[in-house]
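# A look at the structure
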Amino acid sequence: MKLIDFRKTDITDGFWKKRIDTVSEVSVYNVYKRFKETGRFAALNCTWKPGDPYEPHIFWDSDIAKWIESVAFIIENRPCPDLEKVIDDVADAMEKNADEYGYFNSCYLVHDKPRWSDRTDHELYCAGHLVEAAVAYYIATGKRKLLDMMEKYLDYIYKVFLVDGSAAFKTPGHEEIELALIKLYDLTKNEKYLEMCSFFIDNRGTPNDSEYTGVAHKYSQSHIPVREQKTAEGHCVRACYLYTGMADLARITDDSELFNACKSIFDDIINKKMYITGGIGSAARGEAFTVPYDLPDLTAYSESCAALSLAWFAQRMLLIENDSKYADTIEKVLYNNGLSSVSLDGKSFFYVNPLAIRTHLLERNTSQVNTHENLPITQRKEVFDCSCCPPNITRFIASVADFLYTYDDDTVYVHQYMSSETKTDGFTISQKTDYPNSGRIEISTNNIKNLAVRIPAWCESFCIVANGESADFELEKGYAKISNLEENSIITIDFDVTPFIVYPTSKIKDYISRAAVQRGPVVYCAEGANNDFSVMSFRIDTDTEFSEEYSELYGTYTLTANGRIPVENEQLYSRKKEEMIPAKIKLIPYFAFANNGESDMEVFLHY
Ligand code: FUB
Ligand code: ZN
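Before going into details, it helps to say that this report is about the structure given with it. Remember, it's a predicted structure, so these values are computed and weren't measured experimentally.

Looking only at helices and strands, one finds 15 helices and 23 strands in the protein chain. Structurally, the protein chain occupies a C-alpha span of about 75 × 70 × 50 Å along its principal axes. Burial analysis of the protein chain (607 residues in total) assigns 59% to the buried set. Partitioning the intrachain contacts of the protein chain with sequence separation of at least 6 by distance along the chain shows that 70% fall at a separation of at least 24. Surface exposure of the protein chain reaches about 23,900 Å², of which carbon and sulfur atoms provide 48%. Separation of charge centres in the protein chain, based on 64 positive and 92 negative side chains, amounts to 2 Å.

Written out as structure tokens, the structure reads:
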């Protein structure tokens, strides 16, 4: 399948337009300011010396690169000459400081450390992000400086790794360059980039991969060759960046062995290791996947970058196989962990996205210095020492329309629902919808023969009308396929978005006798700030009716549900069951938690 690039789509209004506006008007400027204040832009001048403040860090270049990419995506639709000037200055600084081979890494250039000596030091990771930035900036502006520099740099990497084999390692400790090489290949069609991508993918976890093989290196997916990997292991962002590159390579080279590895890894994630919010990563230690069904809410790691990387992995799988599980996963990320990563005002970010906050436990963190509980922070921040997430979120939201459609000669697949207008390759398609607030989507098509629309996994009842009549469709792997459309057609879909209860499997021990609430794709949570009782001790009536109230602030509904709370009592243990009295709980979308001060929060409520 082919992707309809986000550049061909205009998100016209509704839920996502507001998010894109906030990212374009607030977030991207705020991230710039914070990166400037913290020395990240100045580092590119490579003038830092020991004793100076703001010592360049091994992946600051990648922070800047993701920010550049975000701006490049934004200026496709709205000019930002001020930000473009910043990028041009970055390109000048890089050009000035790159060495004769095109090598550029602001951290390595100012430190006296031999290059390509330490696999964990992110040189290839930074190069990969800079390649992505260069491609995006070139596409947006036609300016070649960054792109030419990165092509020269890649020639050097090719020589060091593929020709001379002179680096101390074969594959990067943090994957990223693999998928970046594919983006550059897509732009240039230069086979050399495919060869490099295969090299980094196929050497991983083999005896060639220097001393980094063995069980201990599940962390960087180096325990066995990637084609033999069947389960998602190790550091989640590394993992999903690798899987994204693997799926890209499998598609382009028609490599079914590689694709099958991706398939079983993907299934392992969504069936055993994914949070209801689309988050991944159950352990702070190693920022990693752990064992199946280990999905603690309070100590969830669920790094923002990890959820985004899962969405990108799923998107690449959709280009190979039309199965709605991929787009369902993307939708989970979009409306939950993806959006919770950024505050409603667009200024601050979560790195870790927990599914519960119990404020009284925070004391445990501070009472004894040496027994840190690793509880996630409870409020978003504008910048982190390790600030990989903020510019990742801005580029993700700025290019969100990338998730809408794929197509081939026969059929256009609609994966996500957003008010939008798209013009591409001889056909047009537009959507009018207030999704996810309403389940109604009106799709207008021109010159599309067959249309396949995703029926979300959460949806139990829907109807489809094509050109005024109840549509004939075939259900195939989660898509309703409507064939032989008229040249100009209007398809109206109605999904039932009545709120519902979600029961987790009891294999997830943390959630036994607990359930979550969802409305359409949006997962809800209860916050202490909106309820005058402990949200953890609330028991929800599983047959509750929900009442809904639209919130301008959230851009969607808040819900109220019925249940019970215990009557206050002094006994720590008793032979008598606690007395319960009726109570109503207010629920807000999970993505909006922690926008109202520090507060308890629960996604899974007891029943
Ligand atoms: O190492 C670069 C980035 O920093 C990773 O992707 C994140 O998990 C964070 O550790
Ligand atoms: Zn991150």
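Think of two packed helices as two axes; the pair is described by the angle between the axes and how far apart they sit. Interhelical geometry of helix H3 (residues 81–97) versus helix H6 (residues 145–164) gives an angle of 35 degrees and a closest axis separation of 9 Å. At the point where H3 passes H6, the crossing takes the left-handed sense. Residues Ile87, Ala91, Asp92, Met94 and Glu95 of H3 touch H6, and the partners they reach there are Lys145, Leu146, Met149 and Met150. Residues belonging to the contact of H3 with H6 are distributed by class as follows: 6 nonpolar, no polar and 3 charged.

Glancing now at the coordination of the zinc ion (ligand 2). Coordination of the zinc ion (ligand 2) by the protein comes from Glu303 (OE), Cys305 (SG), Cys388 (SG) and Cys389 (SG), over a distance range of 2.0 to 2.3 Å. If you look at the zinc ion (ligand 2), its 4 donor atoms make angles of 96 to 117 degrees with each other, and the shape they trace is tetrahedral. In the primary sequence, the donor residues of the zinc ion (ligand 2) line up as E-x1-C-x82-C-C. When sorted by exposure, Glu303 lands in the same class as Cys305, which is buried.

Side chains Ile441, Ile443 and Thr445 of strand S8 (residues 440–446) all project onto a buried face; the interleaved residues Arg440, Glu442, Ser444 and Asn446 project onto a face where none is buried. Summarising the sheet, strand S7 (residues 427–433) and S8 pair through 6 bridges and their orientation is antiparallel. Within the sheet, the bridge partner assigned to Thr433 lies in S8 and is Ile441. Here S7 folds back onto S8, and the loop between the two strands holds 6 residues. The sheet contact formed by S8 and strand S14 (residues 488–495) spans 7 bridges and is antiparallel.

Within the element layout of this structure, Asp402 appears in the loop between helix H15 (389–398) and strand S4 (405–407). Through-space distance from the C-alpha of Asp402 to that of Asp5 is 5.4 Å; in sequence the pair is 397 residues apart. Non-local contacts of Asp402, meaning those with residues more than four positions away in its chain, are made with Leu3, Ile4, Asp5, Phe6 and Gln315. Only 2.7 Å separates the side chain of Asp402 from the backbone nitrogen of Phe6, close enough to count as a polar contact.

Okay, the site of ligand 1 next. All residues adjacent to ligand 1 are Phe59, His122, Tyr125, His174, His235, Val237, Arg238, Glu287, Glu303, Tyr351, Cys386 and Cys388. In this structure, Glu287 approaches ligand 1 through a side-chain N or O atom, which is 2.6 Å from an oxygen atom. Within the side chain of Glu303, an N or O atom sits 2.6 Å from an oxygen atom of ligand 1. Alone, ligand 1 offers 270 Å² of accessible surface; in the complex the protein occludes 95% of this. Looking at the shell around ligand 1 residue by residue, the classes come out as 6 nonpolar, 3 polar and 3 charged. Counting residues domain by domain, the shell around ligand 1 receives three or more from each of domain 1 (35–212) and domain 2 (217–399).

Scoring rules and cut-offs
- Residues numbered from 1 in each chain as written.
- Chains lettered and ligands numbered in written order.
- Predicted model: local features only at pLDDT ≥ 70, side-chain atom pairs only at ≥ 80, totals over all residues.
- Heavy atoms only, no water.
- Helix = DSSP H or I, 4+ residues; strand = E, 2+ residues; numbered from the N terminus.
- Buried < 20%, exposed > 50% of the residue type's maximum accessible area, 1.4 Å probe, protein only.
- Contact = heavy atoms within 4.5 Å.
- Areas by Shrake-Rupley, 256 points an atom, 1.4 Å probe, with all protein chains shown as cover.
- Lys, Arg positive; Asp, Glu negative; His and termini not counted.
- Charge placed at Lys NZ, Arg CZ, Asp CG, Glu CD.
- Axes fitted to C-alpha atoms, helices over the stretch in contact; angles between N-to-C directions.
- Left-handed = near helix turned anticlockwise from the far one by under 90°.
- Nonpolar A, V, L, I, M, F, W, Y, C, P; charged D, E, K, R; others polar.
- Donors = N, O, S within 2.8 Å, 3.2 Å for Na, K, Ca; no water.
- Tetrahedral: all angles 85-135°; square planar, octahedral: opposite > 155°, others 65-115°.
- Pairing = 2+ DSSP bridges.
- Polar contact = N/O pair within 3.5 Å; in protein donor to acceptor, adjacent residues only side chain to side chain.
- Near = heavy atom within 4 Å.
- Domains from an automatic or database assignment.

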